Amino acid sequence: MIISELKPLEDLQKTLSDFSSLFLVGCAACATACKAGGEEEVFKLQEWLLEQGKDVTGSVIIDEACHIMRAARDLRHHKNAVHEADALVVLACGSGVQAISSNVEKQVVGGLNSMFLGNVRRFGHYEEMCSLCGDCILNETAGICPVTTCAKGLLNGPCGGMEDGRCEIDPEIDCAWRLIYERLQTQQRQGVFARRVPPKNWSRRRKPGRYRLKDGES
Amino acid sequence: MSHLSAQLADGRFVVTAEIAPPKGTNLAPAFDEAKKFVGVTAVNVTDNQGANMRLSSLALAARLQQSGTETILQLTCRDRNRMALQSDLLGAASFGIENLLLLSGDHSKFGDQPDARPVFDLDSVQLLDMVTGLMAGVDMVGKPLNGVPRFFPGAAANPVAEPFELMFQKVAKKVESGARFFQTQAVFERRTMERFVSAMRPLGVPVIAGVLLVRSGKMARFLNDNIPGVKVPDDLVERLDKAPDPMAEGIAIAHETVAWARDVCQGVHLMTLGHEDKIPAILA
């Protein structure tokens with residue numbers, strides 16, 4: 001899921017200073033799961049805004065705020081409340097904010113910072129394991145991504161900063177290449193160590209990403 | 001042919017040293033330092049070392065090379081993508097720079113501009129492959145070069161790194177990719193270096209041992225805590241702590257290291273960090 005966190009309140013305060021009435025949007029998917037933009041957080045934001053002397057004209061939690069059509073439909077159901085507001089505050093990832101901003105003329109204020117595609121270690125603990133590079137090497141690296149979990153994204157083994165199998169940028173973190181090496185040993189295969197991995201094809205991740213299912217698949 | 005490659009080919013013990021470009025445009029101190037490199041075959045010019053922004057290593061290496069100091073241009077993957085690396089390398093060749101030390105580079109986190117986006121478009125193995133390609137007259141996509149550069153590409157290794165086999169598989173890849181010499185991270189223990197050199201022997205590539213002038217126990221602890229890959233052993237830290245003149249003790253330790261390195265490997269790389277005047281004493 002997309003891991004996001006609430007922006008610092010003083011930043012929000014500044015951004016919202018010109019508005020007196022606001023409509024709030026949350027997301028029932030990722031932002032709810034990481035407790036940044038679910039029902040509870042939208043309610044807390046509303047309380048805070050009221051304390052700041054703002055009006056809240058209404059709120060909605062969209063099933064998946066990144067779904068552009070669904071966001072449009074849900075906003076239509078709250079047409080009047082949206083109309084009465086000076087601006088909308090969206091507690092969703094950057095995709096969610098843009099699904100909303102592409103559906104309304106009014107200013108849309110994003111309330112969260114989106115951080116990464118995260119795995120859940122346990123409740124409240126998220127780790128980035130995939131960076132959506134479009135050119136996956138996991139089948140050779142025993143299911144551990146060096147592009148993401150090596151701080152330098154190296155493809156041919158550890159850097160000179162590995163110390164006792166730990167990462168140079170954070171000794172609390174295992175060197176990704178040590179983990180790959182050990183798991184491949186357990187599996188008794190050479191995997192990625194059997195070849196020199198050529199430079200990565202970054203054109204696979206050209207921005208902005210576009211993808212359409214081919215005819216017959218949809 | 002560079003003096004470095006010629007001397008290594010002849011089996012002569014080489015001495016390299018290093019110089020850091022200034023933060024700013026004043027090259028006078030660097031030229032002064034270069035004059036102190038007595039008995040040194042070639043001088044590494046560091047590339048935004050420790051991820052601290054400095055004048056470009058290529059610019060200083062070119063200037064030193066033109067004034068008669070043989071250089072080893074350090075190039076990291078941290079700050080440039082593959083296009084910038086290729087064009088800088090062609091530029092380096094145009095200045096007569098042949099010796100290269102091709103590195104991944106310390107993470108931006110360690111430097112004075114930690115908010116910078118680290119690039120790492122290539123890793124050091126891929127960079128070596130690219131240099132091998134340039135020397136064969138083609139760029140990374142196989143397009144022919146009009147004028148082919150001549151390089152003597154080197155790579156880095158950290159003999160202290162554990163797990164050793166994991167570290168060494170990358171060293172072997174670097175050799176396959178065209179590394180013609182290795183300069184190591186600072187080493188302090190003979191047996192560590194011996195293990196590394198004996199693993200290197202079948203690959204037939206010369207090893208230049210990193211010798212770091214540690215001037216005090218305090219500096220040793222700082223290195224151990226802050227510099228990736230550097231580990232000053234406890235007994236040496238104690239020696240420095242107890243010494244009445246820690247600088248003299250540090251020189252003695254470096255001198256001892258150079259002495260055993262003459263038996264173990266093909267050269268030494270002196271990291272004196274602004275105390276180039278101590279080089280004659282270390283080599284004496």
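None of these values were measured; they are calculated from a predicted model.

**Q** Help me understand the overall build of chain B in this model?
**A** In terms of helices and strands, chain B carries 11 helices and eight strands. Taken over C-alpha atoms, the radius of gyration comes to 18 Å for chain B, in line with the 19 Å a tight globule of 284 residues would show. Projected onto its principal axes, the C-alpha positions of chain B cover 60 × 45 × 40 Å. The buried share of chain B, reckoned over its 284 residues, is 51%. Here the contacts in chain B between residues at least 6 apart in sequence split such that 77% fall between residues at least 24 apart.

**Q** Got a minute to help me understand the packing of helix H4 (residues 82–94) of chain B against helix H5 (residues 124–135) of chain B in this structure?
**A** Packed helix pairs are specified by the crossing angle of their axes together with the interaxial distance, meaning the distance between the axes. Residue and element names in this part refer to chain B. Viewed as axis vectors pointing N to C, H4 and H5 meet at an angle of 45°, and their least axial separation amounts to 11 Å. As judged from the angle between their axes, H4 and H5 are oblique. In this structure, H4 crosses over H5, and the sense of that crossing is right-handed. Across the interface between the two elements, Arg82, Leu85, Gln86 and Leu89 of H4 pack against Leu127, Met130, Val131 and Leu134 of H5.

**Q** Just to check I follow, could you spell out the interface of chain B and chain A for this structure?
**A** Put simply, an interface is often sized by how much accessible area is lost when its parts join up. In this complex, chain B contributes 27 residues to the contact, which on the side of chain A involves 24 residues. If you tally residues by element for the side of chain B that touches chain A, the top one is helix H6 (residues 164–176) of chain B, at six residues.

**Q** It is not clear to me how the environment of Gly111 of chain A should be interpreted in this structure. Could you clarify?
**A** Residues and elements named next belong to chain A. Among the secondary structure elements, Gly111 is positioned in the loop between strand E5 (107–110) and strand E6 (112–122). For Gly111, a count of 28 C-beta atoms within 10 Å gives the class buried. Measuring from C-alpha to C-alpha, the distance between Gly111 and Thr57 comes to 17 Å, with 54 residues separating the pair along the chain.

**Q** What is the right way to read the domain arrangement of chain A from this model?
**A** Along its sequence, chain A is carved into domain 1 (2–115) and domain 2 (129–205). Taking only C-alpha atoms into account, the centre of domain 1 of chain A sits 38 Å from that of domain 2 of chain A.

Definitions and cut-offs
Residue positions are given per chain, counted from 1 along the sequence in the order it is written. Here the convention is simple: chains get letters from A, ligands get numbers from 1, in the order in which they are written. A pLDDT threshold of at least 70 governs which residues receive local features in this predicted model, and a stricter bar of 80 or more applies before side-chain atom pairs are shown or counted, although totals over entire chains, interfaces and linings include all residues. Each helix corresponds to a stretch of at least 4 residues labelled H or I by DSSP, and each strand to a stretch of at least 2 residues labelled E; elements are numbered beginning at the N terminus. Restricting the calculation to C-alpha atoms gives the radius of gyration, and the globule rule supplies 2.2 Å times the number of residues raised to the power 0.38. In this scheme the burial state of a residue depends on its C-beta neighbours within 10 Å: 20 or more other such atoms mean buried, 12 or fewer mean exposed, and anything in between means partly exposed; the C-beta positions come from the backbone. Here the contact rule is simple: place C-beta atoms from the backbone, and any two residues whose C-beta atoms are within 7 Å are in contact. Where helices are involved, their axes are fitted lines through C-alpha atoms of the stretch in contact, as for all axes, and angles between N-to-C directions lie from 0 to 180°. In these notes the angle categories are as follows: under 35 degrees is roughly parallel, over 145 is roughly antiparallel, 65 to 115 is roughly perpendicular, and the rest is oblique. Should the near helix be turned anticlockwise from the far one by less than a right angle, the crossing is left-handed, and should it be turned clockwise, the crossing is right-handed. An automatic or database domain assignment provides the domain bounds reported here.

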